[in-house]
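Below, each chain spelled out in residue letters.
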Amino acid sequence: MVAFHLMPSVFLYLGLGPLAIASAQVCGIPSVSNRIVGGKDAVEGAWPWQVSLQFDNGHICGGSVITENWIVSAAHCYYGLGYSQSRYTACVGEYQLSYGNPNAVCSRIQTLIIHPSYTVSGGPGDIMLMALSTPLTFTNYVMPICLPTPSVQLPSGAECWTTGWGAIHSSVPLSTPKTLQQVMVPIIDRSTCDAMYHIGSTVHASNQIIKSDMICAGYQAGGKDSCQGDSGGPLACKAGDSWFLAGVVSWGTGCAQANRPGVYTLVTAYNGWIQEQVPDVTFHHYILSTGHSSNIRIMTSTFSFFLPFLLLLLLNAF
């Protein structure tokens, strides 16, 4: 993961080990607070839907829990590799991959479904669903992320986060103890992102590089991005108290390069397909604001609440 920084959070210590949560647990609300300004290392439990997809017990990609039985990842994490799916394991609740973790659970892959439109890296359809051989029991460290309805919009500038154990720079692996990394990456609208990718490219301006099922997030100047090993992991956005899966880490040119932000598979483009494969999954509607506008709304509400008292004080003063 390139300059992967996600907001570490205050750890909720219960002293009783991982707390089992009913399967009806609301998605996207970690028990660990996510309020922080910056940082590189995540805090354990802050991203309980994060999956380490492993091949022969070695981490290769990320993923996201969406139900007790299913996870979402990127098609290119499996497509064309020619390996048996029995050699893949999905581990949830991991934190530092170099060490054992009592909060982590791993399951073999029972069913693997690649979207039929996927054929090549950088092309459409880079999404994959995997059914676990053993259903998950949700705890403070293992829970699903919410899925957005097709009507959910991702406005340019909205602050979202991506997480993973990928490289910290191109071809520079994450060092021991391989702590889960996190970074805030603002949404970049598709047309702006497409224009960036045409800078210095031999692709004609009339040929779209960023397809309709993709979304970009990052910085025009580069510096913060997902990277090799983060593929398949979440682009998570927060609305109110809930986090939802906006995108799946898909591709990019290098890592954290100028005019080459990270490209993610747009989850809302595949709602129908996901629903067909996972009938019991639930989608939620959100209204996502840009930057810190939610804080502005809170401030406005607070001011409105005190306004009558301020007026009364002013009248009494005269």
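Please refer to the structure placed before this passage.
Residues numbered from 1 in each chain as written. Predicted model: local features only at pLDDT ≥ 70, side-chain atom pairs only at ≥ 80, totals over all residues. Heavy atoms only, no water.

Asker: Even after reading the chapter, I still don't get the pairing of strand β5 (residues 105-114), so can you show me in this structure?
Answerer: Within a regular strand, side chains alternate between the sheet's two faces. Pairing of strand β4 (residues 88-92) with β5 involves four bridges; the strand directions are antiparallel. Considered in β5, the bridge of Cys91 is made with Cys106. Pairing geometry for β5 and strand β6 (residues 128-132), over five bridges, is antiparallel. Paired with Ile109 across the strands is Leu132, a residue of β6. (Pairing = 2+ DSSP bridges. Helix = DSSP H or I, 4+ residues; strand = E, 2+ residues; numbered from the N terminus.)

Asker: Could you clarify how one ought to interpret the state of the cysteines in this entry?
Answerer: Joining two cysteines, a disulfide is a covalent bond between their sulfur atoms. Applying the stated rule across the entire model yields five disulfides. Covalent S-S linkage joins Cys27 and Cys146, the inter-sulfur distance amounting to 2.0 Å. Here the disulfide of Cys27 and Cys146 is right-handed, its torsion about the S-S bond being about 105°. Placement of Cys27 in the segment before β1 (50-55) and of Cys146 in the loop between β6 and β7 (147-148) is noted, with a sequence separation of 119 residues between them. (Disulfide = S-S within 2.5 Å.)

Asker: What exactly am I supposed to notice about the packing of aromatic side chains here?
Answerer: Working definition: an aromatic ring pair is given by the centre-to-centre distance plus the angle between the planes. Taken as a whole and assessed by the stated rule, the structure comprises six aromatic pairs. Summarising the aromatic geometry, the rings of Trp47 and Trp49 are spaced 6.1 Å apart at their centres and angled 75° between planes, so their arrangement reads as edge-to-face. We note that Trp47, like Trp49, is buried. The exposure class of Trp47 is buried, given its relative accessible area of 4%. (Phe/Tyr/Trp six-rings, centres within 6.5 Å; stacked < 30°, edge-to-face > 60°. Buried < 20%, exposed > 50% of the residue type's maximum accessible area, 1.4 Å probe, protein only.)

Asker: Would you mind showing me how to read empty space enclosed by the protein here?
Answerer: Any space left empty among the atoms is revealed by the rolling of a water-sized probe across them. Enumeration according to the criterion identifies one cavity of 30 Å³ or more in this entry. Of the pockets and cavities examined, the largest cavity occupies roughly 80 Å³. Residue lining of the largest cavity: Val43, Glu44, Gly45, Ala46, Trp47, Pro48, Gln50, Gly93, Glu94, Tyr95, Tyr141 and Leu180, and that is the complete set. A breakdown of the residues in the lining of the largest cavity according to their chemical character gives seven nonpolar, three polar and two charged. (1 Å grid on protein atoms, 1.4 Å probe; cavity = no way out; pocket = protein on both sides within 12 Å on 5 of 7 lines; lining within 4 Å. Points joined across faces, edges and corners; volume = space filled by probe spheres on them. Nonpolar A, V, L, I, M, F, W, Y, C, P; charged D, E, K, R; others polar.)

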